[in-house]
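# Structure at a glance
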Amino acid sequence: MDIAGFASVRLGHSDLVVRPVGLGCMGMSQFYGEADDCESVDTIRSAIDLGVNFLDTSDVYGAADIGKAEKVRGFGHNERLIAAAIRGRRAEIVLATKFGAKVDDGGTGVIIDGRPEYVRAACEASLRRLNTDVIDLYYCHRLDPNVPIEDTVGAMAELVSAGKIRAIGLSEVGADLIRRAHAVHPVTALQSEYSLWERRVEQGITATCRELGITLVPFSPLGRSALTGTVQPGDTFASNDFRATNPRFSATNLATNLEPVAVLKDLAAAKGCRPGQLALAWLLSQPLDVVPIPGTKRVEHVRENLAATTVAISADESAYLSKVFAPGRIVGERYTADHARSIAD
């Protein structure tokens with residue numbers, strides 16, 4: 001047993017074993033306002049001290065420029081940041097990174113590349129930036145619509161055989177594509193958005209993961225902070241914050257979307273925990289292997305998220321929250337049209 005009595009989770013059919021809550025590191029490089037590299041490194045190191053052993057990054061984190069308002073830290077920034085944070089502690093970590101999204105030749109935007117030759121080149125570059133000999137879990141970040149998934153996953157399988165990566169993951173793909181990929185090489189993990197705030201993966205994807213023995217790794221498990229109870233109706237966000245243009249956080253949609261959060265807050269108060277902890281406890285109670293990776297830049301939030309494993313949630317309470325946040329209850333698309341184009345069904 002591990003954190004607060006929760007059994008560690010074996011990722012898929014791999015030999016990778018992680019604790020029940022990981023750490024998403026994207027926000028340390030982009031999308032959620034300014035971040036301080038020194039604080040981020042300290043947060044990662046403190047998270048490891050607290051028991052976190054599953055870190056999530058991508059080669060592209062740091063490369064995006066939100067509306068030309070965010071300082072571009074550069075392609076690979078987040079990987080280099082993690083390399084600095086885990087220096088001397090690599091053996092303690094299950095390290096996950098991703099490939100597939102890259103900056104176009106003109107430096108004006110992000111494009112998707114799933115060609116086998118790019119898979120190999122991207123892996124070598126990530127290995128250098130992460131200062132490691134092997135990547136534990138390597139995700140295809142987004143599928144290239146111009147390359148058959150069998151070709152992309154075939155190249156990933158070659159990396160497994162070569163000892164460059166230990167396990168294969170996919171991100172944001174539907175059930176049919178999961179099956180096609182799994183037929184080429186066992187898929188260890190699927191990373192998709194999943195929370196009380198976003199439940200579309202329950203429409204066939206979670207069942208496919210259960211059937212094939214694939215671990216689900218939910219990103220944004222706290223609804224981009226909406227489920228923490230800290231977001232209020234009428235809140236606005238800085239221009240370098242992803243939520244400033246996210247449809248679910250528009251003034252009208254946000255007011256509607258926070259109504260069920262009020263119920264979550266009341267139940268959390270009655271149970272003596274925080275709303276975000278109860279939201280994570282709901283995820284951990286789902287009938288499949290789930291390892292959420294809440295992102296944060298601050299160690300106090302890491303502590304709070306880990307304490308979610310101490311929150312006891314009954315089957316009735318889980319069902320109640322599922323009903324309160326019934327699919328369709330949260331209004332607005334989860335991405336803008338430009339972001340959504342890269343998601344494969």
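Up top is the structure these notes are about.
About the criteria used
- Residues numbered from 1 in each chain as written.
- Predicted model: local features only at pLDDT ≥ 70, side-chain atom pairs only at ≥ 80, totals over all residues.
- Heavy atoms only, no water.
- Helix = DSSP H or I, 4+ residues; strand = E, 2+ residues; numbered from the N terminus.
- Rg over C-alpha atoms; globule rule 2.2 N^0.38 Å.
- Contact = heavy atoms within 4.5 Å.
- Areas by Shrake-Rupley, 256 points an atom, 1.4 Å probe, with all protein chains shown as cover.
- Lys, Arg positive; Asp, Glu negative; His and termini not counted.
- Charge placed at Lys NZ, Arg CZ, Asp CG, Glu CD.
- Buried < 20%, exposed > 50% of the residue type's maximum accessible area, 1.4 Å probe, protein only.
- Disulfide = S-S within 2.5 Å.
- Polar contact = N/O pair within 3.5 Å; in protein donor to acceptor, adjacent residues only side chain to side chain.
- Salt bridge = Lys/Arg side-chain N within 4 Å of Asp/Glu carboxyl O.

### Topic: the overall build of the chain
- What the chain contains, in helices and strands, is 12 helices and 11 strands.
- In terms of C-alpha radius of gyration, the chain reaches 19 Å, essentially the compact-globule figure of 20 Å for 345 residues.
- Taking the principal axes of its C-alpha atoms as reference, the chain extends roughly 55 × 45 × 40 Å.
- Within the chain, contacts between residues at least 6 apart in sequence are counted, and of these 75% link residues at least 24 apart.
- Here the chain has roughly 13,900 Å² of accessible surface; of this, 50% comes from carbon and sulfur atoms.
- Each charge class in the chain can be summarised by its mean position, and for the 37 positive and 43 negative side chains these summaries are 2 Å apart.

### What to know about helix α9 (residues 275–284)
- Counting buried residues in α9 gives 10 out of 10 residues, a clear majority hidden from the surface.
- Those residues of α9 that fall on the buried side of the exposure criterion are P275, G276, Q277, L278, A279, L280, A281, W282, L283 and L284.
- Lining the buried residues of α9 we find β11 (215–219), α8 (259–271), α10 (299–306) and α11 (315–324).

### Some words on the environment of L212
- Turning to its location among the elements, L212 is positioned in helix α6 (residues 205–212).
- Judged by relative accessible area, L212 falls into the buried class, the value being 15%.
- In sequence terms L212 and H182 are 30 residues apart; their C-alpha atoms lie 8.2 Å from each other.

### Quick notes on the state of the cysteines
- A complete count under the given rule lists 0 disulfides for this structure.
- C123 forms no disulfide, and the closest cysteine sulfur to it belongs to C140, at a distance of 13 Å.
- You can call C123 buried: its relative accessible area is 0%.
- Residue classification places C140 among the buried positions, given a relative accessible area of 2%.

### Here we look at the side chain of S171
- With respect to the helices, strands and loops of the structure, S171 is situated in strand β9 (residues 165–171).
- The class for S171 is buried, based on a relative accessible area of 2%.
- One polar contact links the side chain of S171 to the main-chain carbonyl oxygen of H141, over a distance of 3.5 Å.
- Setting aside its immediate chain neighbours within four residues, S171 contacts C140, H141, R142, L190 and Q191.

### Re the pattern of salt bridges
- Here the structure, examined in full by the defined rule, presents 24 salt bridges.
- The salt bridge partner of R180 is E150, with a shortest N-O separation of 2.8 Å. Note that R180 is positioned in helix α5 (residues 175–184) and E150 in helix α4 (residues 149–161), a separation of 30 residues in sequence.
- Across the pair D241 and R243 runs a salt bridge, and its minimum N-O distance is 2.8 Å.
- Residue class for R243 comes out buried when judged on its relative accessible area of 11%.
- It is possible to trace a salt-bridge network through shared partners that takes in K102, D113, R115 and E117.

### What about the environment of R243?
- Mapped onto the elements of the fold, R243 is located in the loop between β11 and α7 (251–257).
- Sequence spacing of R243 and R224 is 19 residues, and the spatial spacing of their C-alpha atoms is 8.0 Å.
- Here R224 takes part through its backbone oxygen, which lies 3.1 Å from a polar atom of the side chain of R243.

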